[in-house]
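Spelled out, the chains give:
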Amino acid sequence: MSASGNTIDTLLEERRSFPPSDEFRRRARVTDDSLHRAAAADPEAFWAEQALRYITWFQPWERVLDWELPFARWFVGGKLNVSFNCLDRHVDAGRGDKVAYHWEGEPGDTRTITYAELLAEVCKFANALRALGVRRGDRVGIYLPMIPELPVAMLACARIGAPHSVVFGGFSAEAVRDRMNDAEATVLITADEGWRRGGRVPLKRNSDDALQQCPSIGSVVVVRRTGGDVSMTRGRDHWYHDIIQGQSSVCEPEHMDSEDLLFTLYTSGTTARPKGIKHTTAGYLLYGMFTHDLVFDIQPDTVYWCAADVGWVTGHTYIVYAPLGNGVTSVMYEGTPDHPARDRWWSLIEHYGVTVLYCAPTAIRTFMKWGSEFPAQHDLSSLRVLGTVGEPINPEAWMWYREHIGGNRTPVVDTWWQTETGGILISPLPGATTLKPGSATLPLPGVAAAVVDEAGRPVAAGSGGYVTITKPWPGMLRGIWGDDERYRQTYWERFGDQYFAGDGARIDEDGYYWFMGRVDDVMNVAGHRISTTEVESALVGHLAVAEAAVVAKSDAETGQAISAFVTLRAGFEESTALITELRSHVAKVIGAIARPKWIAFTPDLPKTRSGKIMRRLLRDIAENRQLGDTTTLADAGIVEDLRRRATEEEGKEG
Ligand code: PRX
């Protein structure tokens, strides 16, 4: 915090800037600020115009926006279907032969899927789901690897009006169980196994474990991916290829209301229970398509690759709904960037002639670590736009990306948004915005953002503070599944009529945003948000553990890594074997991404007199910094002991 105590310190100073090149501007969709001005002058008229441009409606809306803080309803009374907008209308317009996905599996198998083929498969699967008894409004769980059946399943759900809840394929049985139970899903769609770095991820086995405690799930659909052995429960489990066989490739889309639920997606909060973020039909689709179209400067011959996983919101919006809505050709890749070799991404870009690449800063930092000789082996001259998302990108990584991937030629768009926002809120428009490495630049047209102090007042240029959004936008979350009160408290209590994003940022003299991470203690490991409390709960779930506190420690590769301080129950011995066991325990309970990188044992944790763990001090210890104020500690001696133990544990990471 700054001296005045009401903003956030700013340390970064970056002076390089890159205006759009003349060559880029000649083809660019947007080259000035006219959209920004039109949207600011009359936001509702602006969004109404975009809704007519981007969406095919079965029935027009009556009102653009009902806003009863904090609940928004967009395009009230309108009727549409998301899968119709993503598929049928492109086929009806004669573009059925256009490729929707160039898909490539990790082992090297490929599938080319046109819009007409995708429509036919979505309809067959939608009919099969209906045959399993899925009705409009029923929730469907999806736990799949990055295979074409994943978008097919989502679109089939959208077609019949069944909201989906996708669980990232790297998550554990426990995560599947909790999410299915929270949504009371009736069907789970999974696969036998997935490929990861040559190994097999046992998705069906995890599903079976989860389903022992999921009473609402009546049917399971299993996609055969690896051909590995799995057990099928008679009456409950069905092979995907069996149930789509003989189904019609025609399926009437449900006429959904603009505000019908399209999906829930879970994001970690600061308490142990993940939040099911709700996104609805019209506003979400419009906002995804609009931002995708303009931020990536989509052209008729664009070959677009978002290298995220569909299990995260980036994949929902920018692998599935927005690119298909815009009728774009995408690349979809199942595996890791280093399988079989460290040039896999660059060989994909060369092979498919990718023009837009969208990925996370953590991937870029990994590529930097591996070295520029891998991209240098390939012709990457097809690339026109590079994007990043998920965490702040440091200027050096931004520069490396532009130079070694973009040939010192392409714009790099740093896009800031959240699961809750549905789509990108703050980002350059590559033909219009002068770029500064490390800055997400400016709010998009129609987005009203601010950086404010504790009292909710905009900070002065050059200062840091809390990022808020001051007006509703079509892609905004509509709440938290089953918990309106938590929605209000989490996002709308702190600053009243402004949406509290929970991120800190500095705003510079040009009004540019420089993001500085979360203002609370949620950790961001390789672009994934993980709450300290969830990891602590997992640790304390182990027999040997009495208490745990978890903090983020900066990490050259993953941005942040997890450090855990653990107090054992009486009768348990501290040992390296136990550290290994605890790390894999967390991976089992929450997923490998949450595995602590360091664990230090301690007889006690630093606490306030009222019993609150002082994470600020633990962060100082983990980062080996000068300790801050220790006067509120219940037991001041504890921190020196902890510091010694933390340094000892440093060498034991695995
Ligand atoms: O802290 C911000 C960071 O990621 C958070 C949102 O995470 P999630 O809901 O998982 O969505 C990730 C994909 C949209 C934000 O609150 N974040 C995301 N993009 C950026 C970012 N931080 C800085 N710069 C970004 N471009």
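Residues numbered from 1 in each chain as written. Predicted model: local features only at pLDDT ≥ 70, side-chain atom pairs only at ≥ 80, totals over all residues. Heavy atoms only, no water.

What follows deals with the overall build of the chain. Of regular secondary structure, the chain possesses 20 helices and 29 strands. Against the compact-globule benchmark of 26 Å for 654 residues, the chain has a radius of gyration of 24 Å, which places it among compact chains. Its C-alpha atoms put the chain at 75 × 65 × 55 Å along the principal axes. A buried classification covers 61% of the 654 residues belonging to the chain. By sequence separation, contacts in the chain at least 24 residues apart represent 71% of the contacts at least 6 residues apart. With the model as given, the accessible surface of the chain reaches about 24600 Å², and the carbon-plus-sulfur share is 48%. (Helix = DSSP H or I, 4+ residues; strand = E, 2+ residues; numbered from the N terminus. Rg over C-alpha atoms; globule rule 2.2 N^0.38 Å. Buried < 20%, exposed > 50% of the residue type's maximum accessible area, 1.4 Å probe, protein only. Contact = heavy atoms within 4.5 Å. Areas by Shrake-Rupley, 256 points an atom, 1.4 Å probe, with all protein chains shown as cover.)

Further remarks concern empty space enclosed by the protein. Within the structure shown, the criterion is met by 4 cavities of 30 Å³ or more. Its boundaries defined by the atoms lining it, the second largest cavity holds a volume of some 60 Å³. Taken together, Val82, Cys157, Ala158, Gly161, Ala162, Pro163, Met256, Leu261, Leu262 and Thr281 make up the full set of residues lining the second largest cavity. For the lining of the second largest cavity, the elements supplying multiple residues, two or more each, are helix 6 (149-160) and strand 14 (261-267). Residues of the lining of the second largest cavity, tallied by class, amount to 8 nonpolar, 2 polar and no charged. (1 Å grid on protein atoms, 1.4 Å probe; cavity = no way out; pocket = protein on both sides within 12 Å on 5 of 7 lines; lining within 4 Å. Points joined across faces, edges and corners; volume = space filled by probe spheres on them. Nonpolar A, V, L, I, M, F, W, Y, C, P; charged D, E, K, R; others polar.)

Counting buried positions along strand 4 (residues 99-104) gives 6 out of 6 residues, so the element sits mostly inside the fold. Where strand 4 lies against strand 5 (residues 110-114), 5 bridges are found, and the strand directions are antiparallel. Residue pairing in the sheet places Tyr101 in a bridge with Ile113 of strand 5. Linking strand 4 to strand 5, which pair antiparallel, is a turn of 5 residues; within it Gly108 sits at a positive phi near 105°. For strand 4 and strand 17 (residues 329-333), the ladder comprises 4 bridges, and the chain directions are parallel. What sits directly across from His102, in strand 17, is Val331. (Pairing = 2+ DSSP bridges.)

Okay, the packing of helix 4 (residues 82-95) against helix 5 (residues 115-131) next. Contact geometry for helix 4 and helix 5: axes closest at 9 Å, N-to-C directions at 140°. Taken together, the axes of helix 4 and helix 5 lie oblique to each other. Note that helix 4 runs across helix 5; the crossing there is left-handed. Mapping the contact onto sequence places Cys86, Leu87, Asp88, His90, Val91 and Arg95 in helix 4 and Tyr115, Ala116, Leu118, Leu119 and Val122 in helix 5. (Axes fitted to C-alpha atoms, helices over the stretch in contact; angles between N-to-C directions. Parallel < 35°, antiparallel > 145°, perpendicular 65-115°, else oblique. Left-handed = near helix turned anticlockwise from the far one by under 90°.)

Before going further, it helps to examine the pattern of salt bridges. Tallying each qualifying case throughout the model produces 33 salt bridges. For Glu104, the salt bridge identified is with Arg344, shortest N-O distance 3.0 Å. Remark: Arg344 occurs in helix 12 (residues 344-352) and Glu104 occurs in strand 4; sequence separation between them is 240 residues. Of the two residues, Glu104 and Arg344, both sit in the buried class. (Salt bridge = Lys/Arg side-chain N within 4 Å of Asp/Glu carboxyl O.)

As a further point, take the sheet that holds strand 7 (residues 164-166). Spatially, 7 strands are ordered 12-11-8-6-7-14-15 in an open sheet, and the strand pairing comes out mixed. A single partner strand is all that each edge strand has here, and the edge strands are strand 12 (237-239) and strand 15 (275-280). Each neighbouring strand pair of the sheet contributes to a mean axis angle of 25°, computed without reference to strand direction. Of the strand pairs in this sheet, strand 11 (residues 219-223) and strand 12 are connected by 3 bridges, and their pairing is parallel.

Attention now goes to the sheet that holds strand 17. Backbone hydrogen bonds hold the strands of a sheet together, and the pairing may be parallel or antiparallel. Reading across from one edge, 5-4-17-16-18-19-20 is the order of the 7 strands in this open sheet, with mixed pairing throughout. Both outer strands of the open sheet, strand 5 and strand 20 (412-414), are each paired with one neighbouring strand and no more. In this sheet, neighbouring strand axes are inclined to one another by 20° on average, regardless of whether the strands run parallel or antiparallel. Packed onto the sheet, helix 11 (residues 313-325) meets strand 4, strand 16 (303-306), strand 17 and strand 18 (356-359) and runs at close to 160° relative to strand 16. Against the sheet, helix 12 makes contact with strand 4, strand 5, strand 16, strand 17 and strand 18, and its axis sits at roughly 145° relative to strand 4, the strand it touches most.

What follows is about the site of the ligand. The full set close to the ligand counts 16 residues, and Asp414, Thr415, Gln418, Thr419 and Asp503 are the nearest of them. Here a nitrogen atom of the ligand sits 2.7 Å away from a polar atom, N or O, in the side chain of Asp414. In this structure, an oxygen atom belonging to the ligand sits 2.8 Å away from a side-chain N or O atom of Asp503. Relative to its free-state accessible area of 540 Å², the ligand is covered by the protein chains to the extent of 96%. (Near = heavy atom within 4 Å. Polar contact = N/O pair within 3.5 Å; in protein donor to acceptor, adjacent residues only side chain to side chain.)

Along helix 8 (residues 203-211), 7 of the 9 residues are buried, which leaves the element largely enclosed by surrounding structure. Those residues of helix 8 that sit buried are Leu203, Lys204, Asn206, Ser207, Asp208, Ala210 and Leu211.

For the pair helix 7 (residues 173-183) and helix 8, interaxial distance at closest approach is 8 Å and the crossing angle is 50°. Taken together, helix 7 and helix 8 sit at an angle that is classed as oblique. Along this stretch, helix 7 crosses helix 8, giving a crossing that reads as right-handed. Contact residues: helix 7 offers Ala173, Val176 and Arg177, while helix 8 offers Asn206, Asp209 and Ala210.

In this section: the state of the cysteines. A full pass over the atoms with the stated rule returns 0 disulfides. Left unpaired, Cys214 is separated from the closest cysteine sulfur, that of Cys157, by 16 Å. For Cys214, a relative accessible area of 5% corresponds to the buried category. Sulfur of Cys359: no disulfide; nearest cysteine sulfur belongs to Cys306 and is 8.8 Å away. (Disulfide = S-S within 2.5 Å.)

Here we take up the side chain of Asn524. Tracing the backbone through its elements, the reader meets Asn524 in strand 25 (residues 523-525). A distance of 3.0 Å separates a polar atom in the side chain of Asn524 from the backbone oxygen of Gly390.

A separate point is the confidence of the model for the chain. Mean pLDDT over the chain stands at 91; residues scoring 70 or higher make up 93%. Element-level pLDDT for the chain is lowest in helix 20 (residues 638-649), with a mean of 71, against a maximum mean of 99 in helix 6. Per-residue pLDDT stays below 50 along residues 1-12; that stretch engages in 30 contacts with residues further than four places along the chain or on separate chains. (pLDDT = per-residue confidence, 0-100.)

By secondary structure assignment, the location of Ser563 is in strand 28 (residues 559-568). Residue Ser563 is classed as buried on the basis of its relative accessible area, which comes to 4%. Residues Ser563 and Tyr487, spaced 76 residues apart in sequence, show a C-alpha to C-alpha distance of 29 Å. Contacts of Ser563, omitting those with residues within four sequence positions, involve Ala549, Val550, Val551, Lys553, Trp598 and Ala622.

A common way to state how big an interface is: give the accessible area lost once the parts meet. Segmenting the chain into domains produces domain 1 (22-503) and domain 2 (522-649). Taking only C-alpha atoms into account, the centre of domain 1 sits 33 Å from that of domain 2. Taken together, the 21 residues of domain 1 in the interface contact 22 residues of domain 2. In this assembly, domain 1 packs against domain 2 so that about 1600 Å² is buried in total across both faces, 43% of it on carbon and sulfur atoms. Counting the contacts that link domain 1 with domain 2 gives 1 salt bridge. With a closest N to O distance of 3.4 Å, Lys588 and Glu174 form a salt bridge. Counting across the interface, domain 1 meets domain 2 through 4 residue pairs in polar contact (both at pLDDT 80 or more). Counting only elements with at least two residues in the side of domain 1 that touches domain 2, the list comes to helix 7 and helix 13 (361-370). Counting residues per element, the side of domain 1 that touches domain 2 draws most heavily on helix 13, which supplies 4 residues. Considering only residue class, the side of domain 1 that touches domain 2 consists of 5 nonpolar, 11 polar and 5 charged. (Domains from an automatic or database assignment. Buried area = accessible area lost by both parts, 1.4 Å probe.)

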